[in-house]
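This is what each chain is made of:
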Amino acid sequence: MKRSLLLFVFTFFFIKGFTQNQNISGVINIYTPVIQVGCNNVGIVSSSGFSVGDRVLLIQMQGATVNQTNNSSFGSINNYNDCGNFEFATIASISSNIIVFQFKILNSYTPSGNIQLIKVPTYTNVNVNGPLTCSTWNGSTGGVLALEVSGTLTLASNIDVS
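Just so we're clear, the structure is a prediction, and the values are computed from it rather than from any experiment.

Definitions and limits used
- Residues numbered from 1 in each chain as written.
- Predicted model: local features only at pLDDT ≥ 70, side-chain atom pairs only at ≥ 80, totals over all residues.
- Heavy atoms only, no water.
- Patch = residues over 30% accessible without salt bridge, like charges linked within 9 Å, V, L, I, M, F, W, Y side chains within 5 Å.
- Areas by Shrake-Rupley, 256 points an atom, 1.4 Å probe, with all protein chains shown as cover.
- Salt bridge = Lys/Arg side-chain N within 4 Å of Asp/Glu carboxyl O.
- Helix = DSSP H or I, 4+ residues; strand = E, 2+ residues; numbered from the N terminus.
- Buried < 20%, exposed > 50% of the residue type's maximum accessible area, 1.4 Å probe, protein only.
- Pairing = 2+ DSSP bridges.
- Axes fitted to C-alpha atoms, helices over the stretch in contact; angles between N-to-C directions.
- Contact = heavy atoms within 4.5 Å.

Caption draft 1: Inspection of a nonpolar patch on the surface at higher detail. Together, Leu153, Leu155, Ile159 and Val161 line one region of the surface with nonpolar side chains, adding up to about 360 Å² of accessible area. Following the sequence through the fold, Ile159 ends up in the segment after β13 (153–155). We classify Ile159 as partly exposed; its relative accessible area is 45%.

Caption draft 2: Quick look at the pattern of salt bridges. Taken as a whole, this structure holds two salt bridges when the rule is applied. We note a salt bridge from Lys119 to Asp54, for which the minimum N-O separation is 3.5 Å. Taken together, the residues span a long stretch of sequence, with Lys119 in strand β9 (residues 115–119) and Asp54 in the loop between β3 (41–44) and β4 (55–60) at a distance of 65 residues. Looking at Lys119, the relative accessible area reads 23%, which means it is partly exposed. Two residues, Arg55 and Glu148, come together in a salt bridge whose shortest N-O distance is 2.9 Å. Within this pair, whereas Arg55 is found in strand β4, its partner Glu148 is found in strand β12 (residues 148–149), the two being separated by 93 residues in sequence. Judged by its relative accessible area of 25%, Glu148 falls in the partly exposed class.

Caption draft 3: Inspection of the sheet that holds β9 at higher detail. Pairing is antiparallel in the closed barrel, where six strands are placed in the order β2-β3-β8-β7-β4-β9. Along the sheet, successive strands turn relative to each other by an average axial angle of 45°, direction set aside.

Caption draft 4: Layout of the environment of Ile105. One can find Ile105 in the loop between β8 (98–101) and β9. Since its relative accessible area comes to 9%, Ile105 is described here as buried. Beyond its immediate chain neighbours, meaning those up to four positions away, Ile105 contacts Val37, Gly38, Cys39, Asn40, Asn41, Val42, Leu58 and Glu87.

Caption draft 5: Up close: the sheet that holds strand β1 (residues 22–27). Reading across the sheet, the three strands line up as β1-β11-β13 and stay open at both edges, with parallel pairing between neighbours. Since the sheet does not close on itself, it has two edges, and those belong to β1 and β13, each with one partner. In this sheet, adjacent strand axes meet at a mean angle of 30° when their direction is disregarded. Pairing of β1 with strand β11 (residues 126–133), which is carried by five bridges, proceeds in the parallel orientation. Within β11, the position partnered with Val27 by the bridge is Thr133.

Caption draft 6: Region of interest: the side chain of Ser47. Topologically, Ser47 is positioned in the loop between β3 and β4. Residue contacts for Ser47: discarding those within four places in its chain leaves Ile94, Ser96 and Asn97.

Caption draft 7: Focus on unusual backbone geometry. Its identity as a non-glycine residue notwithstanding, Asn81 has a phi of 50°, on the positive side. Inspection of the secondary structure puts Asn81 in the loop between β6 (77–79) and β7 (86–95). With relative accessibility at 30%, the residue Asn81 sits in the partly exposed group. Look at Asp82: it is not a glycine, yet its phi comes out positive at around 75°. Examined against the element boundaries, Asp82 turns out to sit in the loop between β6 and β7.

Structure (structure tokens):
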């Protein structure tokens, strides 16, 4: 009985030691423009900062057609044209500036609509201990903050993506 209890206590503290909160702040994502989309891959401007096994977000930022006629429908959206389409994926391989995903891409994307690939950090337990933000939208990348937390997210500071 003493051995079982000792083993349990040791295991509990051993596992707990590996699930401590990680502190984060600032910009935590990496962004790159997407220039082509295949069935399970994308061509990107730069693969710097991306690695096999990384979680990523593929998102089309622009491309909707807006009514610009001078009438009561001015400003209404005529067609979204894939604008707003997004999905999460996991990188299976990287060859130069081609990133291949583990699974097939589910949505359609139009490269002229400013698609970006964003590295999404994953955490077990995380503490936002300073202002958390994203890169400013520059017309091709930025403007998105994304993270995955499987355990506890503690907000000890602001999230500001203004």
